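Below are the chains, spelled out letter by letter.
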Amino acid sequence: MAGTKPNCFHGFLSTEDVQAVVTKALGPNVKIVDYRAKSYSEVRVGFLGAHSLLEVTVQRDTTTFSEIHSFFVKCIPHNSEKEAKLITDYQAFKRETTFFRDLVPELLKKFKSEQWSPECYLVKDDVLVFENLKMKKFRMSNLILDEAAVKAAASTLARFHAASVVAEKRLKKSFHEMYPGLFVQMVSRCHRRRHRRG
């Protein structure tokens, strides 16, 4: 199989992983023809992560035509030693993987409303693969948000909190009890560590 693996995958996203992503996203009757990496943006976006697109060419059992699908990939930025060390020291990526692997499925279970989170198709120790929201016409917003963007953000956040209320009621236990420390802000952790060192 041809294909170029992006640097940020760092050997941790195998062909089997790509197949798992495709199967979860498109169903079992899909064959991978090829896959490759594409840059997510011409300039660096975000912090504490490296971002790229995984572009997969597939063919369904029911047709001879091929389709191209893309997925958003977030990895630990191994090409930045300082940033990778910061992520490891403060377990930033570990907390994110725990959130998408363990919490999100519980939060979405029996939640009957518009989804507030992108579909996560694969969770590994240093790689996360999501649906590419650009395919649904989402776009990166400017730093200055207009009224429509603020309302959309507030509505999404409200659905997220509503999902947590529904899930905790069903589980009869709070997520803080089940995952102590997961919701502590990283800034607070940094402050406590510096305080102890001082």
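Given the structure is predicted, the values throughout are model-derived calculations rather than measurements. (Residues numbered from 1 in each chain as written. Predicted model: local features only at pLDDT ≥ 70, side-chain atom pairs only at ≥ 80, totals over all residues. Heavy atoms only, no water.)

1. Re the pattern of salt bridges
Stage number 1. By the definition in use, this model includes eleven salt bridges.
Stage number 2. Between Glu106 and Lys109 there is a salt bridge; the shortest N-O distance is 3.7 Å.
Stage number 3. Judged by its relative accessible area of 40%, Lys109 falls in the partly exposed class.
Stage number 4. One salt bridge connects Glu147 with Lys151, and the closest N-O pair in it is separated by 3.1 Å. Taken together, the residues span about one helical turn, with Glu147 and Lys151 both in helix α4 (residues 147-171) at a distance of four residues. (Salt bridge = Lys/Arg side-chain N within 4 Å of Asp/Glu carboxyl O. Buried < 20%, exposed > 50% of the residue type's maximum accessible area, 1.4 Å probe, protein only. Helix = DSSP H or I, 4+ residues; strand = E, 2+ residues; numbered from the N terminus.)

2. Some thoughts on α4
Stage number 1. Taking 1.5 Å of rise per residue, 25 residues should cover 36 Å, and α4 covers 36 Å from first to last C-alpha, within 8% of that figure.
Stage number 2. Residues Arg159, Ala163, Ser164 and Ala167 constitute the buried set of α4.
Stage number 3. Phi turns positive, to about 60 degrees, at Lys172, one or two residues after α4. (Expected span 1.5 Å × (residues − 1).)

3. Brief notes about the sheet that holds strand β3 (residues 66-75)
Stage number 1. Across the sheet, five strands lie side by side as β1-β2-β3-β5-β4; this open sheet has antiparallel pairing. The sheet is open, and its two edges are formed by β1 (30-39) and β4 (120-123), each paired on a single side. If you compare each strand with its neighbour and ignore which way they point, the axes differ by 25 degrees on average.
Stage number 2. Bridge analysis of strand β2 (residues 50-60) against β3 gives ten bridges, and the strand direction is antiparallel. (Pairing = 2+ DSSP bridges. Axes fitted to C-alpha atoms, helices over the stretch in contact; angles between N-to-C directions.)

4. A few points about the environment of Ala92
Stage number 1. Residue placement: Ala92 occurs in helix α3 (residues 92-108).
Stage number 2. In this structure the C-alpha to C-alpha distance between Ala92 and Leu182, which are 90 residues apart in sequence, comes to 9.5 Å.

5. Points about helix α2 (residues 81-89)
Each full turn of the α-helix corresponds to 3.6 residues, which orients residues three or four apart in the same direction.
Stage number 1. What α2 keeps buried is the set Glu83, Ala84 and Ile87. The buried side chains of α2 occupy one side of the element, clustering within an arc of 100 degrees when seen end-on. Seen from the open side of α2, the exposed residues pointing more than 90 degrees away from its buried face are Glu81, Lys82, Lys85 and Thr88.
Stage number 2. Elements in contact with the buried residues of α2: α3.
Stage number 3. Downstream of α2 by a residue or two, Gln91 has a phi angle that is positive, lying close to 50 degrees. (Arc of directions from axis to C-beta. Contact = heavy atoms within 4.5 Å.)

6. Quick look at the environment of Ile76
Stage number 1. The topology assignment puts Ile76 in the loop between β3 and α2.
Stage number 2. Distance in space between the C-alpha atoms of Ile76 and Ala92 is 9.7 Å, their sequence separation being 16 residues.

7. Some details on the confidence of the model for the chain
Stage number 1. Overall, the prediction assigns the chain a mean pLDDT of 83, with 83% of residues at 70 or greater.
Stage number 2. Predicted confidence in the chain is weakest over helix α6 (residues 186-197), with a mean pLDDT of 49, and strongest over β4, with 96.
Stage number 3. When the criterion is pLDDT under 50, residues 1-7 qualifies, and its contacts beyond four places in sequence or with other chains add up to 18 contacts. (pLDDT = per-residue confidence, 0-100.)

8. As for the nonpolar core
Stage number 1. Ranked by internal contacts, the top residues of the largest apolar core, which has 23 residues, are Phe99, Phe100, Leu107 and Trp116.
Stage number 2. Elements with a minimum of two residues in this core: α2, α3, β5 (127-131) and α4.
Stage number 3. Within the second largest apolar cluster, 17 residues are counted, among which are Leu13, Leu54, Val58 and Val129. (Core = buried A, V, L, I, M, F, W, Y, C linked by side-chain atoms within 4.5 Å.)

9. Quick look at the packing of α3 against α4
Stage number 1. Between α3 and α4, the least distance of the axes is 8 Å, while the angle of their chain directions is 80 degrees. Of the possible angle classes, the one that applies to α3 and α4 is roughly perpendicular. Contact with α3, carried on its side by Phe99, Glu106 and Leu107, involves Phe160, Ala163, Ser164, Ala167, Arg170 and Leu171 of α4 and no other residues of that element.
Stage number 2. Tallied by class, residues from the contact of α3 with α4 come to six nonpolar, one polar and two charged. (Parallel < 35°, antiparallel > 145°, perpendicular 65-115°, else oblique. Nonpolar A, V, L, I, M, F, W, Y, C, P; charged D, E, K, R; others polar.)

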